[in-house]
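Chain residues, written in single-letter form:
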Amino acid sequence: MANLLVIHGPNLNLLGEREPDHYGYEKLEDINRRLESIARAAGHSLECFQSNAEHALVERIQSARHECIAFIIINAAAYTHTSIALRDALAAVAIPFVEVHLSNVYRREPFRHRSYLSDIALGVVAGLGPLSYDCALRAILGMLDRALP
Ligand code: DQA
């Protein structure tokens, strides 16, 4: 059994009501419940964490190193494009992570094209709406399967 951590950055608590053209209508709670149940069905545990505060996200990533977290799925939201602190935290804990975005950031404003995370991520999934999270999780479950004897 592996422990998985999903981290959501600022404003993702408003999913479902926030700019649905970009982010869809599914609420964060519903995404979280679905991911937890997919992980549980595969025999793993998955915890979700959301914060609007950069320091809280950094602290949650730092705590992961004492919790035997095998993989992180992170949608750092706007901090993707600004936060060297989040990048440093992810590099420091050295837990493999998948960067996720609901929207296709490359079809949007140029300031969203830069990510401080992508080049140290295991992979990036963007533009598939809430299914971006599912894709990241399915890929991780596939990797866990292959690592098992
Ligand atoms: C986002 C894309 C970011 O540019 C934006 O700031 C978000 C959400 C996405 O999931 O598409 O808040 O990460």
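A brief look at the structure comes next. (Residues numbered from 1 in each chain as written. Predicted model: local features only at pLDDT ≥ 70, side-chain atom pairs only at ≥ 80, totals over all residues. Heavy atoms only, no water.)

## A closer look at the state of the cysteines
Going through the model one piece at a time under the given rule, you end up with zero disulfides. In this structure Cys68 is not part of a disulfide, and its nearest cysteine sulfur, from Cys48, lies 19 Å away. Judged by its relative accessible area of 64%, Cys68 is exposed. There is no disulfide at Cys135, and the cysteine sulfur nearest it, in Cys48, is 16 Å away. (Disulfide = S-S within 2.5 Å. Buried < 20%, exposed > 50% of the residue type's maximum accessible area, 1.4 Å probe, protein only.)

## Some remarks on the pattern of salt bridges
Counted according to the given criterion, the structure contains nine salt bridges. Between Arg33 and Glu36 there is a salt bridge, with its nearest N and O atoms 3.0 Å apart. Remark: Glu36 and Arg33 occur in helix H2 (residues 28-41); sequence separation between them is three residues, near one turn of the helix. Under the relative-accessibility criterion, Glu36 is labelled buried at 16%. (Salt bridge = Lys/Arg side-chain N within 4 Å of Asp/Glu carboxyl O. Helix = DSSP H or I, 4+ residues; strand = E, 2+ residues; numbered from the N terminus.)

## A few points about the site of the ligand
Inspection of the region around the ligand gives Arg18, Tyr23, Asn75, Ala77, Ala78, His81, His101, Leu102, Ser103, Val105 and Arg112 as its neighbouring residues. Residue Arg18 places a side-chain N or O atom 3.0 Å away from an oxygen atom belonging to the ligand. Within the side chain of His101, one N or O atom sits 2.8 Å away from an oxygen atom of the ligand. Out of a free accessible area of 320 Å², the ligand has 98% covered by protein chains. Residues that form the shell around the ligand fall into these classes: five nonpolar, four polar and two charged. (Near = heavy atom within 4 Å. Polar contact = N/O pair within 3.5 Å; in protein donor to acceptor, adjacent residues only side chain to side chain. Areas by Shrake-Rupley, 256 points an atom, 1.4 Å probe, with all protein chains shown as cover. Nonpolar A, V, L, I, M, F, W, Y, C, P; charged D, E, K, R; others polar.)

## Overview of the environment of Arg114
Considering the arrangement of structural elements, one finds Arg114 in the loop between strand E4 (97-101) and strand E5 (123-126). Looking at Arg114, the relative accessible area reads 47%, which means it is partly exposed. Taking the C-alpha atoms as reference points, Arg114 and Ser37, 77 residues apart in sequence, are found 32 Å from one another. Among residues more than four places away in sequence, those in contact with Arg114 are Thr80 and His81. Of note is the side chain of Arg114, whose polar atom sits 3.1 Å from the side chain of Tyr116. (Contact = heavy atoms within 4.5 Å.)

## Section: the sheet that holds E4
As summarised here, the arrangement of the five strands in space is E2-E1-E3-E4-E5, forming an open sheet in which the pairing is parallel. The open sheet terminates on both sides in strands that have one partner only, identified here as strand E2 (45-50) and E5. Along the sheet, successive strands turn relative to each other by an average axial angle of 20 degrees, direction set aside. Alignment of strand E1 (residues 3-8) against E2, held across six bridges, turns out to be parallel. From the neighbouring strand, Leu5 faces E2, where its bridge partner is Glu47. Against the sheet, helix H3 (residues 54-63) engages E1, E2 and strand E3 (69-75), with an angle of about 170 degrees to E1. Sheet strands in contact with helix H5 (residues 131-147) are E1, E2, E3, E4 and E5, and its direction is about 165 degrees off that of E3. (Pairing = 2+ DSSP bridges. Axes fitted to C-alpha atoms, helices over the stretch in contact; angles between N-to-C directions.)

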